[in-house]
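# Structure assessment
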Amino acid sequence: MYFLCAVFRRRFAFGESYSSAADSVIAEVGPGVMHNTEMNTSLGADAPRAAARTETSRDERQADVVAALTAVLPRAAILCRHEDTAPYECDALTAYRASPLAVVLPETETQVAAALKICHRMRVPVIARGAGTGLSGGATPHHGGVVLSLAKFNRILKIDAGTCTAVVQCGVRNLAISEAAAPYGLYYAPDPSSQIACTIGGNVAENSGGVHCLKYGLTLHNVLRVRGFMVDGEPVEFGSEALDAAGLDLISVVVGSEGMLAVTTEVTVKLTPKPQLARCIMASFDDIESAGAAVASVIAHGIIPAGLELMDKAMTAAVEAFVHADYDLGAAAILLCESDGTPEEVAEEIARMEEVLGAAGASRIEVSRDEAQRLKFWSGRKNAFPASGLMPPDAGNAFLRPLQNFRRCASSRLTSIRDAPAALRTCSIRAISSATSSGVPSLSHRRMAAASRS
């Protein structure tokens, strides 16, 4: 417990020092002048001069930080010109942007530790960055901080087919792990929609899931060990490659902490044997409430599909135009339900799911004929985010209305799940939880709001 408290105390002290630095900038601007460096706006008669002084102060701060980093890192590993740091101003949450003082691209753990020690000594905020595919703003930089890009940590260090594990650096792509494990009949189960680009380090920071997390769990359930560094450059390790580790289960604290507790550099992941067969059902519904009820009904009947996803009419239309997944565009909502395992297990589960979905009001049920069609069904769901970029600006209201209706329905349907056996209640119901939690600010949003207020 002392160690856990020490972790939070380190982070708090770091954040407190930033607040003090921010206060000094405000004080420098002068009394009677309110200056918001986040929005680059100012009020008062001396606004132009105050803004100029603040900009000069930032330039001096940047020069000091870059000089200190250059003393311990190769110059090529430090980016400080605006045209070089511009690509790092945001992640996939492009509504929030900030220009960092510098971007550091280390190649070794020694360089990571050195950069962290310098920033900690100079009281400079550090934001670790993977591939920048996140939608929660976890990699959004601070205007007075440094971005620590870990993209060069991209080596798969070991694959052990005997223990079904892999040791990888934090910059290895999610899909690359499965590709490397494929010759052994294994794969890495968590599969976020951005798995072709997102990195395992980012997955650890965000506790990423994917369409198959209902059965196989989130990143937390598929990671055995995490190695990295504290904010002051001190090396730290959580978990173990053994089935269990002594002491507190701190890996469950670090996974999903969005880089607030440690910078991850190496991860040991679990590998899962590939199923013999997988088939996917596409079920159409005339209203989104019935689709939500079907989700609850599937779980209440003791069925844990390999994947269970809901898409409403607005999103299926956008996706169909983008990838041509052969979705039912006339349906108000569709459910994608997948079963995997042995051919006998799949046949039995598919039949049970067809019966449950039919009873829940499905107007059309189509089962994938082969692996190509199964992948086609899922390609639509996994391309929902890029497809939404083609939607007209006023499509938001059309999307939000059915989502709000579904959230109300889902909340009432949770009663059915509570009536299910205890073992099933512990399962993650992705189709419901992702919708009902959409209105809750994430840790990153709360962190950015706090930074704006300061």
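The preceding data block contains the structure.
Now for a description of the structure that goes with this document.

Rules used in this analysis
- Residues numbered from 1 in each chain as written.
- Predicted model: local features only at pLDDT ≥ 70, side-chain atom pairs only at ≥ 80, totals over all residues.
- Heavy atoms only, no water.
- Helix = DSSP H or I, 4+ residues; strand = E, 2+ residues; numbered from the N terminus.
- Buried < 20%, exposed > 50% of the residue type's maximum accessible area, 1.4 Å probe, protein only.
- Phe/Tyr/Trp six-rings, centres within 6.5 Å; stacked < 30°, edge-to-face > 60°.
- Contact = heavy atoms within 4.5 Å.
- Polar contact = N/O pair within 3.5 Å; in protein donor to acceptor, adjacent residues only side chain to side chain.
- Pairing = 2+ DSSP bridges.
- Axes fitted to C-alpha atoms, helices over the stretch in contact; angles between N-to-C directions.
- Salt bridge = Lys/Arg side-chain N within 4 Å of Asp/Glu carboxyl O.
- Core = buried A, V, L, I, M, F, W, Y, C linked by side-chain atoms within 4.5 Å.

### Let's talk about the overall build of the chain
When helices and strands are counted, the chain shows 17 helices and 17 strands. Residues counted as buried form 48% of the 454 residues belonging to the chain.

### Side note on the packing of aromatic side chains
Ring pairs (aromatic) are described by centroid distance and by the angle formed between their planes. One pass over the full model with this rule turns up one aromatic pair. When the ring of Y187 is compared with that of Y216, the centres are 6.5 Å apart and the planes differ by 80 degrees; the resulting orientation is edge-to-face. Of the two residues, Y187 is situated in strand β9 (residues 186-187) and Y216 in helix α7 (residues 213-216); the sequence distance between them amounts to 29 residues. Taken as a pair, Y187 and Y216 share a single burial class, namely buried.

### Section: unusual backbone geometry
At R123, a residue that is not glycine, the phi angle is positive and equals roughly 60 degrees. Within the element layout of this structure, R123 appears in the loop between α4 (109-121) and β5 (126-129). Positive phi is not limited to glycine here, since N207 has a value of about 50 degrees. As for its placement among the helices and strands, N207 is situated in the loop between α6 (200-206) and α7. Under the relative-accessibility criterion, N207 is labelled partly exposed at 21%.

### Looking at helix α5 (residues 174-181)
Among the residues making up α5, those that are buried are N174, A176, I177, S178 and A181. Those residues of α5 that are buried are in contact with β7 (156-160), β8 (165-169), β9, α6 and β12 (263-270).

### Quick look at the environment of E206
Here E206 lies in helix α6. For E206, a relative accessible area of 29% puts it in the partly exposed group. Excluding its chain neighbours within four sequence positions, the residues that come into contact with E206 are S136, G138, G256 and E258. Among the polar contacts listed, one links the side chain of E206 to the side chain of S136, at a separation of 2.9 Å.

### Some remarks on the sheet that holds strand β3 (residues 78-79)
Ordered by their spatial adjacency, four strands build an open sheet running β3-β4-β6-β5, and the pairing between neighbours is mixed. In the strand order of this sheet, the two ends are held by β3 and β5, each with one partner. Across three bridges, strand β4 (residues 102-104) lies against strand β6 (residues 146-149) in parallel orientation. Bridge pairing in β6 links V103 to V147. With respect to the sheet, α4 is in contact with β4, β5 and β6, its orientation differing from that of β6 by roughly 170 degrees.

### Here we look at the environment of K158
Relative to the helices and strands, K158 is located in strand β7. For the pair formed by K158 and Q169, sequence separation is 11 residues and the distance between their alpha carbons is 10.0 Å. Every residue in contact with K158, bar those within four places of it in the chain, is listed here: T165, A166, V167 and E241.

### Structural notes on the pattern of salt bridges
Applying the stated criterion across every chain yields a total of 17 salt bridges. Note that E338 and R374 form a salt bridge whose closest N and O atoms lie 2.8 Å from each other. Of this pair, E338 sits in strand β16 (residues 333-341) while R374 sits in helix α12 (residues 371-382), and the two are 36 residues apart along the sequence. Here E338 falls in the buried class, since its relative accessible area comes to 2%. The residue R364 makes a salt bridge to E366 at a minimum N-O spacing of 2.7 Å. One salt-bridge network, held together by shared partners, links E109, R225, R227, E237, E241 and E266.

### Structural notes on the nonpolar core
Core analysis: the largest hydrophobic core is formed by 25 residues, its most contacted members being L69, V146 and L148. Mapped by element, the contributors of at least two residues to this core are α2 (47-70), β4, α4 and β6. Per-element tally for this core: the top contributor is α4, with six residues. Beyond its immediate stretch of four places on either side in the chain, V146 contacts V65, L69, A102, V104, C119, V124, P125, V126 and I127. With 24 residues, the next largest nonpolar core counts A333, I350, L357 and V367 among its residues.

### Quick notes on the sheet that holds β12
If you walk across this open sheet you meet the five strands as β7-β8-β12-β10-β11, and the pairing is antiparallel. The open sheet has two free edges, formed respectively by β7 and β11 (235-239), since each of these has just one partner strand. For this sheet, the mean angle separating the axes of adjacent strands, direction not counted, is 10 degrees. Note that strand β10 (residues 223-229) and β11 share five bridges and pair antiparallel.

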